Amino acid sequence: MIAKSVIKKIQRIVGKENVRSEPEERVCYSYDATNQIYLPDIVVFTARVSEVSDILKLANEEGFPVIPRGAGSGFTGGALPVKGGLVLVMTRFNRILKIDTENLTAFVEPGVVTGDFQKEVERLGLFYPPDPASLKFSTLGGNVAECAGGPRAIKYGVTKDYVIGLEVVLPTGEIISTGVQTMKGVVGYDLTKLIVGSEGTLGVITKIIVKLIPLPADRKTIQAIYNRLEDAATTVAGIIASKILPAALEFMDRGAIICVEDFLRIGLPVDAEAILLVEVDGDPHVVTKDAGKIQDICSKCGANRVEIAGDRESEENLWKARRAISPSLLRINPAKINEDITVPRSKIPDILRKINHIAKRSGLNIVNFGHAGDGNIHGNIMIDKNKEEEVNRAEAAVREIFQATLDLGGTISGEHGIGITKAPYLKMELGDLGVDIMQRVKKVFDPNGILNPGKIFQS
Ligand SMILES: Cc1cc2nc3c(=O)[nH]c(=O)nc-3n(C[C@H](O)[C@H](O)[C@H](O)COP(=O)(O)OP(=O)(O)OC[C@H]3O[C@@H](n4cnc5c(N)ncnc54)[C@H](O)[C@@H]3O)c2cc1C
């Protein structure tokens, strides 16, 4: 518990109105998309770098944990106060400071919602591609801390490919600027890349500098429907091998299709085994040519229906279905275990076969969807968390899926991070030495372990 005398000091730093200790406020900031609940002692809303710095200095003096939080949409528990303490809500840092159309860069605060930023940038004919399915509510700070990715990663990369500089308040309260405002820069260690994806354990991000690219002139979305999952997997390999680089290449299996249709009622084919969504973008004539080629590949690989969205509205409907998968699965099973393994793209058919085999053998319902274009599969294990035996079976299945992923040359997390949910499996991928080196880095940044303790590493 944070002592009353310390709460008074915190109130003096940020103003009484920005400190909440009522139970109902604490409950609101006690969970994220993992649906696990940990009550913070207090919730603090900040909008100034000096406040963040003073809070962290006080946390070191008084020994309480500080947990940075954006929109709380993380899937691995990064924003959860697992050891109590102070949840530092960053959503008041919500200004787009500058969009530099001459240098194609932007300076933004971490509380800006990703989708809002993208709209502003696109109004100027520019493009910030990272597009997590949570873009309508997740914050750029959360995206940077998790190195979020999305469907466009296949062509445009993920958050780390766009962040060129940061302002960060270190756990000690010191304020540093990392990186550059230029397109190049190799001075010293790349602290920017170290902070990106550090899940709020190495510093509190207070400013982000990103690079932008020109907005593609045109785009088209193709939907292909399959009676056999293997045919969809073969199509993915076929598209990649054809040397067309789609802007997105997403897939959902039958379980995902049924869940979304049940949620949205938009006429998805519930008897199909898989749907592929492919987006191509670029110059209009190239887009038309590539869309036609992809249509052919889908048909040749066994799709029983292929259509190209005729206008922006039908295109948006197709993507609405894709973005609704996570919420619709959460709706029917809030306790589901959501994994985001990534394998080399050519190994997608192997890992899907393996997951289906594990599901059958362990009697579990595993719904799969994901970013097939970059090998990132979200396997969702639908469990009843009140049935201990089922939970144990699911945990054993997760370990088996992770091992199969690593055996295929993959990674246990493509975009959701480690947080608390994957911490028990960290050594499977990194080994003892890898984990030890990372813990030593954490110690350099945070000698007293006050910033987001209990995350990434098992404590
Ligand atoms: C429906 C749904 C769909 C999703 N789809 C995707 C997807 O396609 N791709 C993907 O990558 N993720 C996805 N996610 C996961 C999640 O949205 C992302 O991880 C997102 O980046 C989290 O942003 P947030 O603002 O909600 O951060 P939070 O959940 O609040 O925090 C996430 C982590 O960032 C840290 N953090 C937040 N702000 C700061 C800051 N200013 N400084 C330092 N650390 C900070 C927190 O401590 C925590 O460790 C999805 C989630 C949902 C619910």
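Residues numbered from 1 in each chain as written. Predicted model: local features only at pLDDT ≥ 70, side-chain atom pairs only at ≥ 80, totals over all residues. Heavy atoms only, no water.

Participant: Explanation requested: the site of the ligand in the structure shown.
Facilitator: Close to the ligand lie 35 residues; P68, S73, S134, T139 and G149 are nearest. Note that an oxygen atom of the ligand is positioned 3.3 Å from one of the backbone N or O atoms of G142. One of the side-chain N or O atoms of N143 is found 2.9 Å from an oxygen atom in the ligand. When the free accessible area of the ligand is taken as 980 Å², the share hidden by the protein chains comes to 98%. Contributing elements (two or more residues each) for the shell around the ligand: β3 (66-69), α5 (140-146), β10 (204-211) and α12 (325-332). No other element matches α5, which puts 5 residues into the shell around the ligand. When the residues that make up the shell around the ligand are grouped by side-chain class, the tally is 14 nonpolar, 17 polar and 4 charged. (Near = heavy atom within 4 Å. Polar contact = N/O pair within 3.5 Å; in protein donor to acceptor, adjacent residues only side chain to side chain. Areas by Shrake-Rupley, 256 points an atom, 1.4 Å probe, with all protein chains shown as cover. Helix = DSSP H or I, 4+ residues; strand = E, 2+ residues; numbered from the N terminus. Nonpolar A, V, L, I, M, F, W, Y, C, P; charged D, E, K, R; others polar.)

Participant: What is the right way to look at the nonpolar core in this model?
Facilitator: In globular proteins that are soluble, nonpolar side chains generally tend to be buried together. By size, the foremost hydrophobic cluster in this structure holds 54 residues, and its most contacted members are Y226, L276, I294, I377 and I381. No other element matches the 8 residues that helix α14 (residues 388-407) contributes to this core. A domain split of this core shows at least three residues from each of domain 3 (218-327) and domain 4 (333-407). If we skip the residues at most four places from it in the chain, Y226 touches D231, A232, T235, A272, E273, A274, L276, C298, C301, G302, A303 and N304. In terms of nonpolar packing, the next biggest core, distinct from the first, is built from 29 residues, V144, V158, V163 and V210 among them. (Core = buried A, V, L, I, M, F, W, Y, C linked by side-chain atoms within 4.5 Å. Buried < 20%, exposed > 50% of the residue type's maximum accessible area, 1.4 Å probe, protein only. Domains from an automatic or database assignment. Contact = heavy atoms within 4.5 Å.)

Participant: What should I look at first to understand the packing of helix α13 (residues 348-362) against α14 in this one?
Facilitator: The angle between the axes and the distance between the axes are what describe a pair of packed helices. Two elements in contact, α13 and α14, have axes separated by 10 Å at closest approach and are oriented at 160°. Considering the angle they form, α13 stands roughly antiparallel to α14. Where α13 crosses over α14, the handedness of that crossing is right-handed. On the side of α13, the interface is formed by I351, K354, I355, I358, R361 and S362, while α14 contributes R393, A397, E400, I401, A404 and T405. Broken down by class, the residue content of the contact of α13 with α14 amounts to 6 nonpolar, 2 polar and 4 charged. (Axes fitted to C-alpha atoms, helices over the stretch in contact; angles between N-to-C directions. Parallel < 35°, antiparallel > 145°, perpendicular 65-115°, else oblique. Left-handed = near helix turned anticlockwise from the far one by under 90°.)

Participant: What is the right way to look at the pattern of salt bridges in this model?
Facilitator: Close approach of charged atoms allows side chains with opposite charge to pair. On inspection of all chains with the given rule, the structure shows 23 salt bridges. Note that R353 and D350 form a salt bridge whose closest N and O atoms lie 4.0 Å from each other. Of the two residues, R353 and D350 are both situated in helix α13; the distance of 3 residues between them amounts to about one turn of the helix. A relative accessible area of 52% means that R353 is categorised as exposed. Since its relative accessible area comes to 30%, D350 is described here as partly exposed. The partner of K427 in a salt bridge is D432, and the shortest N-O contact between them spans 3.6 Å. With relative accessibility at 49%, the residue K427 sits in the partly exposed group. Its relative accessible area of 55% is what places D432 among the exposed residues. (Salt bridge = Lys/Arg side-chain N within 4 Å of Asp/Glu carboxyl O.)

Participant: Please explain the side chain of E51 as it appears in this structure.
Facilitator: Its location among the elements puts E51 in helix α3 (residues 49-62). E51 has contacts with I13, V14 and T46, leaving out every residue within four places of it along the chain.

Participant: Any chance you could explain the packing of aromatic side chains here in plain terms?
Facilitator: The way to describe two aromatic rings as a pair is by their centre distance and the angle between their planes. The final tally for this structure, using the stated rule, is 5 aromatic pairs. Centre to centre, the rings of Y128 and Y162 are 5.9 Å apart; their planes meet at 80°, and the pair counts as edge-to-face. Taken together, the residues span a long stretch of sequence, with Y128 in the loop between β7 (126-127) and α5 and Y162 in the loop between α6 (153-156) and β8 (163-169) at a distance of 34 residues. The two residues Y128 and Y162 agree in class, both being buried. Taken together, the aromatic side chains of F117, Y128 and Y162 make up a single cluster linked through ring pairs. (Phe/Tyr/Trp six-rings, centres within 6.5 Å; stacked < 30°, edge-to-face > 60°.)

Participant: Which parts of the structure should I look at to understand the domain arrangement of the protein?
Facilitator: Accessible area lost upon the coming together of the parts serves often as the stated size of an interface. Once the domains are mapped, the protein shows domain 1 (4-89), domain 2 (96-214), domain 3 (218-327) and domain 4 (333-407). Once you take the C-alpha centre of each, domain 1 and domain 4 turn out to be 33 Å apart.

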